[in-house]
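One letter stands for each residue in the lines below.
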Amino acid sequence: MKKGNNWDDHYTKRAKEENWLARSVYKLEEIDRKHRLIKNGARVMDLGCYPGSWSQYVLEKVGKNGEVIGLDIEIPQKISAPNFRFIRGNALNIDMEALFQEAGEIDLLLSDMAPNTTGNNITDCARSLELAGRALDIAVRLLRKEHDFLCKVFEGEDFKYFKERVSEYFGQVRLIRPLAVRKRSREIYLLGIKRL
Ligand SMILES: C[S@@+](CC[C@H](N)C(=O)[O-])C[C@H]1O[C@@H](n2cnc3c(N)ncnc32)[C@H](O)[C@@H]1O
């Protein structure tokens, strides 16, 4: 398989064939296969859940006794499961205590949030870092001790400061660039293992 556009098409086509709502699922699947993040029965929050492929995948992995709480500005209309709860909101200005009251404590926080890109790298990276910073704030408030945090970030100048901030709250930090990330993309996933 050639890399570049053909590779992107490969994932898009495969996602359609396998009934996933987006090709992004293969990024989470790869990370989960390696790090075993998603456990049966877990309560998982999925920030930036629309259109829903990560939530689809997590619902399968947590099973009937688990729960997925998705949050996005857009409504993921194609997901319906009794153990899927959706909160419509903007992570950047959502009230943290109200979110905690609604969602409660969670076992895993995932964030695949991404800004609308402008094509200007500096702006796009800054907006992505703002979203990632907010995802970390939510993790710090809602995540149970010893549990994990996975977050997408565009790797730019100030990325290292974000990584340092994550290390203050997690026992280990890993950087992961899954195969399904588009070759031209600056996105990388940061995994915080075991909330301190
Ligand atoms: C790459 S998509 C996520 C794809 C998703 N993981 C999936 O597998 O279907 C990024 C999402 O982040 C959401 N998003 C961006 N900014 C947000 C914000 N401030 N609050 C909540 N969601 C946001 C977008 O609406 C978009 O749906």
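It should be emphasised that the depicted structure is a prediction, and the values quoted were computed from it without experimental measurement.

S.K.: Hey, could you run me through the overall build of the protein in this one?
M.R.: Counting its secondary structure elements, the protein contains 6 helices and 7 strands. Starting at the N terminus and walking to the C terminus, you meet the elements of the protein as α-α-β-α-β-β-α-β-α-β-α-β-β. For a compact globule of 196 residues, the expected C-alpha radius of gyration is about 16 Å, and the protein comes in at 16 Å, within 12% of that figure. The C-alpha extent of the protein, read off along each of the three principal axes, is 45 × 35 × 30 Å. Burial statistics for the protein: of 196 residues in total, 39% are counted as buried. Within the protein, contacts between residues separated by at least 24 positions form 64% of all contacts whose residues are at least 6 apart in sequence.

S.K.: Would you mind showing me how to read helix α3 (residues 53–62) here?
M.R.: Helical geometry note: an α-helix holds 3.6 residues per turn, so side chains three or four residues apart project in the same direction. Among the 10 residues that make up α3, 8 are buried, leaving the element largely enclosed by the rest of the structure. Taken as a whole, α3 has its buried residues at S53, W54, S55, Q56, Y57, V58, L59 and V62. Looking at the residues trailing α3, positive phi occurs at G63, about 70 degrees.

S.K.: Hey, could you run me through the sheet that holds strand β3 (residues 84–88) in this one?
M.R.: Strand-to-strand pairing in sheets goes through backbone hydrogen bonds, with the strands running parallel or antiparallel. In spatial order, the strands read β3-β2-β1-β4-β5-β7-β6; together these 7 strands make up an open sheet with mixed pairing. Strands with a single pairing partner mark the edges of an open sheet, and in this sheet they are β3 and β6 (170–176). Strand-to-strand, the axes of this sheet are offset by a mean angle of 15 degrees, without reference to chain direction. In terms of strand pairing, strand β1 (residues 43–47) meets strand β4 (residues 106–111) through 4 bridges, oriented parallel. Residue pairing for β4: L47 is matched across the bridge by S111. Strand contacts of helix α6 (residues 159–169): β5 (143–154), β6 and β7 (187–195), with the helix running at about 145 degrees to β6, the strand carrying the most contacts.

S.K.: Would you mind going over the site of the ligand with me for this structure?
M.R.: Within the structure, the ligand sits among 23 residues, and G48, Y50, S53, A91 and D112 are positioned closest to it. Taken together, the residues of the shell around the ligand sort by class into 15 nonpolar, 5 polar and 3 charged.

S.K.: Even after reading the chapter, I still don't get unusual backbone geometry, so can you show me in this structure?
M.R.: Peptide bonds are mostly trans, and most non-glycine residues show a negative phi. Going from Y50 to P51, the amide bond is cis rather than trans, its omega being 0 degrees. Inspection of the secondary structure puts P51 in the loop between β1 and α3. One non-glycine residue, N19, adopts positive backbone phi at about 60 degrees. Locating N19 in the fold gives a position in the loop between α1 (5–17) and α2 (25–35). One non-glycine residue, E146, lies in positive phi territory at about 75 degrees. Tracing the sequence through the fold places E146 in strand β5. Judged by the 11 C-beta atoms lying within 10 Å of it, E146 is exposed.

S.K.: Sorry if this is basic, but what is going on with the nonpolar core here?
M.R.: For soluble globular proteins, nonpolar side chains are generally found buried alongside one another. If you look at the biggest cluster of nonpolar residues, it comprises 50 residues, and the most contacted ones within it are V44, M45, L109, A135 and C151. The dominant element in this core, judged by the number of residues it contributes, is helix α5 (residues 121–142), at 9 residues.

S.K.: Would you mind going over the packing of α2 against α3 with me for this structure?
M.R.: A pair of packed helices is characterised by two quantities: the angle between their axes and the separation of those axes. With their axes 8 Å apart at the nearest point, α2 and α3 run at an angle of 40 degrees to one another. As judged from the angle between their axes, α2 and α3 are oblique. In this structure, α2 crosses over α3, and the sense of that crossing is right-handed. Residues V25, L28 and E29 of α2 form the contact with α3, whose participating residues are S53, W54, Q56 and Y57.

S.K.: Got a minute to help me understand the packing of α5 against α6 in this structure?
M.R.: Contact geometry of α5 with α6 gives a least axis separation of 11 Å together with a crossing angle of 5 degrees. As far as their axial angle goes, α6 and α5 are roughly parallel. Of the residues in α6, those in contact with L129, A132, G133, L136 and V140 of α5 are F159, F162, R165, V166 and Y169. Taken together, the residues of the contact of α5 with α6 sort by class into 8 nonpolar, 1 polar and 1 charged.

About the criteria used
- Residues numbered from 1 in each chain as written.
- Predicted model: local features only at pLDDT ≥ 70, side-chain atom pairs only at ≥ 80, totals over all residues.
- Helix = DSSP H or I, 4+ residues; strand = E, 2+ residues; numbered from the N terminus.
- Rg over C-alpha atoms; globule rule 2.2 N^0.38 Å.
- Buried ≥ 20, exposed ≤ 12 C-beta atoms within 10 Å, placed from the backbone.
- Contact = placed C-beta atoms within 7 Å.
- Pairing = 2+ DSSP bridges.
- Axes fitted to C-alpha atoms, helices over the stretch in contact; angles between N-to-C directions.
- Near = placed C-beta within 6 Å.
- Nonpolar A, V, L, I, M, F, W, Y, C, P; charged D, E, K, R; others polar.
- Core = buried A, V, L, I, M, F, W, Y, C linked by C-beta atoms within 7 Å.
- Parallel < 35°, antiparallel > 145°, perpendicular 65-115°, else oblique.
- Left-handed = near helix turned anticlockwise from the far one by under 90°.

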